[in-house]
Amino acid sequence: MAGVRRSGWGLSITTAAVYLFLYAPIFVLMVYSFNRSRLSAHWTGFTSEWYAVLWRDEQIFRSLENSLLVAAVVTVTCVVFGTMSALVFARPHRRAKALLDGVVYLPLVIPEIVIAVATIVFFSLLMLKLSLWTIVIAHVTFCISYVIIVVGARLGGMDSSLQEAAMDLGANEWTTFFRVTLPIVAPAILSAALLVFTTSFDDYLITSFVAGVHSTTLPLEIYSRLKRGITPELNAISTIILVATIPLVLVSQRLERGSMKLRTALVSAGAIFFLMIAPVVARTFEAGAQLPQLNIYTWSSYISPRVMHGFEREFHCRVNYDLYDSNEALLTKLQAGNVDYDLVVPS
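Given the structure is predicted, the values throughout are model-derived calculations rather than measurements.

K.L.:
Sorry if this is basic, but what is going on with the packing of aromatic side chains here?
P.N.:
Aromatic ring pairs are described here by two measures, namely the spacing of the ring centres and the angle between the planes. Summed over the entire model, instances satisfying the criterion amount to eight aromatic pairs. A centroid spacing of 5.2 Å and a plane angle of 80° characterise the contact between Trp55 and Phe61, whose relative ring orientation is edge-to-face. Cluster of aromatic residues (ring-pair linked, three or more members): Phe34, Phe46 and Tyr51.

K.L.:
Is there a simple way to explain a nonpolar patch on the surface in this structure?
P.N.:
Together, Leu106, Ile110, Ile113, Val114, Val117, Val121 and Leu125 line one region of the surface with nonpolar side chains, adding up to about 580 Å² of accessible area. Among the elements that line the nonpolar patch, the one with the most residues is helix α5 (residues 112–125), at five residues. Among the residues examined, Ile113 registers a relative accessible area of 39% and is labelled partly exposed.

K.L.:
When you look at the packing of helix α6 (residues 132–156) against helix α8 (residues 173–202) in this model, what are you seeing that I'm missing?
P.N.:
Angle between the axes and distance between the axes: these two values describe a pair of packed helices. For the pair α6 and α8, the least separation of the axes is 9 Å and the interaxial angle reads 150°. As far as their axial angle goes, α8 and α6 are roughly antiparallel. For α6 against α8, the interelement crossing comes out right-handed. Contacts from His139, Phe142, Cys143, Tyr146, Val147, Val150, Val151, Arg154 and Leu155 in α6 reach Thr181, Ile184, Val185, Pro187, Ala188, Ile189, Ala192, Leu195, Val196, Thr199 and Ser200 in α8.

K.L.:
Which parts of the structure should I look at to understand unusual backbone geometry?
P.N.:
Across residues other than glycine, the phi torsion is negative in most instances, and most of the peptide bonds are trans. Unlike most non-glycine residues, Met127 shows phi in positive territory, near 55°. Here Met127 shows up in the loop between α5 and α6. The exposure class assigned to Met127 is exposed, which follows from its relative accessible area of 72%. Even without being glycine, His316 reaches a positive phi, approximately 55°. Structurally, the position occupied by His316 is in the loop between α13 (305–315) and β2 (318–324).

K.L.:
Just checking my understanding: could you explain the sheet that holds β2 for this structure?
P.N.:
Adjacent strands of a sheet pair through backbone hydrogen bonds, lying either parallel or antiparallel. Taking strand neighbours across the sheet as the criterion, the three strands line up as β2-β1-β3 in an open arrangement whose pairing is parallel. Here the strands that pair on one side only, and so sit at the sheet edges, are β2 and β3 (343–345). Pairs of neighbouring strands in the sheet enclose a mean axial angle of 20°, with direction left out of account. Bridging between strand β1 (residues 293–299) and β2 involves seven bridges; their strand directions are parallel. Along β2, the bridge assignment pairs Ile296 with Tyr321. Against the sheet, α13 contacts β1 and β2, and its axis sits at roughly 150° relative to β2. Strands in contact with helix α14 (residues 327–336) are β1, β2 and β3; relative to β1, the strand with the most contacts, it is inclined by about 135°.

K.L.:
How do you make sense of the pairing of β1 when you look at a structure like this?
P.N.:
Of the pairings in the sheet, the one linking β1 to β3 comprises three bridges and is parallel in character. Residue Tyr297 lies in a different strand from β3, and its bridge partner there is Val344.

K.L.:
For this particular structure, what's the right way to read the pattern of salt bridges?
P.N.:
A side chain of one charge can pair with a side chain of the opposite charge if their charged atoms are brought near each other. All chains considered together, the criterion is met by one salt bridge. Arg62 is the partner of Glu312 in a salt bridge, and the nearest nitrogen-oxygen pair spans 4.0 Å. Linking Glu312 in helix α13 with Arg62 in helix α3 (residues 58–89), this pair joins segments that are 250 residues apart in sequence. Using a relative accessible area of 12% as the deciding quantity, one classes Arg62 as buried.

What counts and what doesn't
- Residues numbered from 1 in each chain as written.
- Predicted model: local features only at pLDDT ≥ 70, side-chain atom pairs only at ≥ 80, totals over all residues.
- Heavy atoms only, no water.
- Phe/Tyr/Trp six-rings, centres within 6.5 Å; stacked < 30°, edge-to-face > 60°.
- Patch = residues over 30% accessible without salt bridge, like charges linked within 9 Å, V, L, I, M, F, W, Y side chains within 5 Å.
- Areas by Shrake-Rupley, 256 points an atom, 1.4 Å probe, with all protein chains shown as cover.
- Salt bridge = Lys/Arg side-chain N within 4 Å of Asp/Glu carboxyl O.
- Helix = DSSP H or I, 4+ residues; strand = E, 2+ residues; numbered from the N terminus.
- Buried < 20%, exposed > 50% of the residue type's maximum accessible area, 1.4 Å probe, protein only.
- Axes fitted to C-alpha atoms, helices over the stretch in contact; angles between N-to-C directions.
- Parallel < 35°, antiparallel > 145°, perpendicular 65-115°, else oblique.
- Left-handed = near helix turned anticlockwise from the far one by under 90°.
- Contact = heavy atoms within 4.5 Å.
- Pairing = 2+ DSSP bridges.

Take a look at the structure:
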């Protein structure tokens, strides 16, 4: 008995150490977002100044708006077509099902860099200009697999006699789907939607290859600013991302395990989305009327915000600058021939 107790304590301590190792950096990042000093190495006092500075950062909010738009469109597209695909994939014979399962899992197994290069080459062959919509298409190609897998697993555990009974009682296929199948798979659909939204919102590698004019997303913006070092503003926006995405993942996991009711999950997800969208909507109302656009492709925040603001005031226009992280990434897009910038600034 004593040996069992010692083994239990050892397992608990090991588990706690693993979780501490995983989450301690996140906790430190959140704490230092309130650090008075601009240097992250030393704590000099508590302040919320950096969140006020972040609120005045137009580029951050433009990239946040792009990320939310892409994630929302990708989520709706994947949920609709992924659910329909899961319904079809649940019907075929064993050999066909094995083949279809391989096709579904393939985008999740292939390295992201391969998908990114293949996608930009494909867009170049189609002569399709890179934009927010090319990001949406690229994200759908790998995110839709999550929906098919999650919803398909739910369908696989569903008693098919329920559908047969509904059909025997006179219901057609549409009525059977909406009255019988959909209520059963709804938790899996919502869980998959939350997973897809989080995955699309956080993606960097594929997005960096297929983003075009005025389509810098929040991960691209954050990564490019890391070239100048970690600043309190980056700590602040990273904290906000964590606060927004972690609850979505928790809701998704609890819903999939059946430990949360569907209505509660819908209300929770809706509240989280509202909190994410509200700042963007507020900033949009502050932005005012549309102005002529000047599109710049540059390395990190190479051009001073003061210079851009002065240029905008003098010429009554809006400067949009998209960011790249290396000359190789710059050349890849320019050689593809499907981007259209007014000014390119090599590093």
